[in-house]
Amino acid sequence: QVQLVESGGGLVQPGGSLRLSCVTSGFTFSSYQMKWHRQAPGKERELVASISSAGTTNYADSVKGRFTISRDNAKNTVYLQMNSLKPEDTAAYYCNAVFWTVKYWGQGTQVTVSL
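Cut-off values and rules
Residues numbered from 1 in each chain as written. Predicted model: local features only at pLDDT ≥ 70, side-chain atom pairs only at ≥ 80, totals over all residues. Heavy atoms only, no water. Helix = DSSP H or I, 4+ residues; strand = E, 2+ residues; numbered from the N terminus. Contact = heavy atoms within 4.5 Å. Disulfide = S-S within 2.5 Å. Core = buried A, V, L, I, M, F, W, Y, C linked by side-chain atoms within 4.5 Å. Buried < 20%, exposed > 50% of the residue type's maximum accessible area, 1.4 Å probe, protein only. Salt bridge = Lys/Arg side-chain N within 4 Å of Asp/Glu carboxyl O. Polar contact = N/O pair within 3.5 Å; in protein donor to acceptor, adjacent residues only side chain to side chain. Pairing = 2+ DSSP bridges.

A. Main features of the side chain of Ser50. Tracing the backbone shows Ser50 in strand β5 (residues 46-51). Once residues within four sequence positions are removed from consideration, Ser50 is found in contact with Gln33, Met34, Lys35, Thr56, Thr57, Asn58 and Ile69.

B. Here's a closer look at the state of the cysteines. Scanning all chains against the criterion turns up one disulfide. Two residues, Cys22 and Cys95, share a disulfide whose sulfurs are 2.2 Å apart. As the torsion about the S-S bond is roughly -80 degrees, the Cys22-Cys95 disulfide counts as left-handed. Of this pair, Cys22 sits in strand β3 (residues 18-25) while Cys95 sits in strand β9 (residues 91-99), and the two are 73 residues apart along the sequence.

C. Structural context of the nonpolar core. Met34, Trp36, Phe67, Val78, Leu80, Met82 and Tyr93 are the most contacted members of the largest nonpolar core, which totals 28 residues. Of all the elements in the fold, those that place two or more residues in this core are β3, β4 (33-39), β5, β7 (67-72), β8 (77-82), β9 and β11 (109-113). A per-element tally of this core places β9 first, with four residues. Once residues lying within four places of it in the same chain are set aside, the contact partners of Val78 are Leu20, Ser21, Cys22, Phe29, Met34, Trp36, Ile51, Ile69, Ser70, Arg71 and Cys95.

D. View of the pattern of salt bridges. Counting across every chain of the model gives four salt bridges. For the salt bridge of Arg38 with Asp89, the shortest nitrogen-to-oxygen distance reads 2.9 Å. With Arg38 in strand β4 and Asp89 in the loop between β8 and β9, this pair connects stretches of sequence that are 51 residues apart. As far as burial versus exposure is concerned, Arg38 and Asp89 are alike and both buried. The salt bridge involving Asp89 is made with Arg66; its shortest N-O contact spans 2.8 Å. Of this pair, Asp89 sits in the loop between β8 and β9 while Arg66 sits in the loop between β6 (57-59) and β7, and the two are 23 residues apart along the sequence.

E. Region of interest: the side chain of Arg38. Given a relative accessible area of 5%, Arg38 falls into the buried group. Of the polar contacts made by the side chain of Arg38, one reaches the side chain of Glu46; its length is 2.7 Å. A polar atom in the side chain of Arg38 sits 3.0 Å from the side chain of Tyr93. Setting aside residues no more than four positions away along its own chain, Arg38 makes contact with Glu44, Arg45, Glu46, Val48, Ser62, Val63, Phe67, Glu88, Asp89, Ala91, Ala92 and Tyr93.

F. A look at the pairing of β9. For β9, the tally of buried residues reaches eight of nine residues, placing the bulk of the element in the interior. As defined by bridge partners, β4 adjoins β9 across seven bridges and the pair is classed as antiparallel. Bridged to His37 within β9 is Tyr94. The pairing of β9 with β11 spans three bridges and is antiparallel. Across the sheet, Tyr93 pairs through a bridge with Thr109, a residue of β11. Both β9 and strand β10 (residues 102-105) contribute to a ladder of four bridges, which runs antiparallel. Looking at the pairing, Ala97 lines up with Tyr104 of β10. With antiparallel pairing between neighbouring strands as the criterion, β9 and β10 make up a hairpin whose turn holds two residues, including Trp100 at a positive phi of roughly 55 degrees.

Take a look at the structure:
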């Protein structure tokens, strides 16, 4: 059974940091590209960051220099370190695993950036 379980979200003040984790099981994690997406209320889901099976990373322009995606293949886990958070980063964050046409999604974790 495939599972992707996100954690680490919460309420943080502007300028603060959070680290999201996505623990996976049920598929060959090391072979999959892993992505973090987010969706704010009333907006479309957007890609935040991705990391290939080889470790190549890409980021949305809005988070470059502030967010870092990483993976630990031994733990079947992908992370998103988020620094210098802004109110516009408020959203539900989703973990996504991709291998060719196969896609798996987690249930999401809420991040709220507010005073």
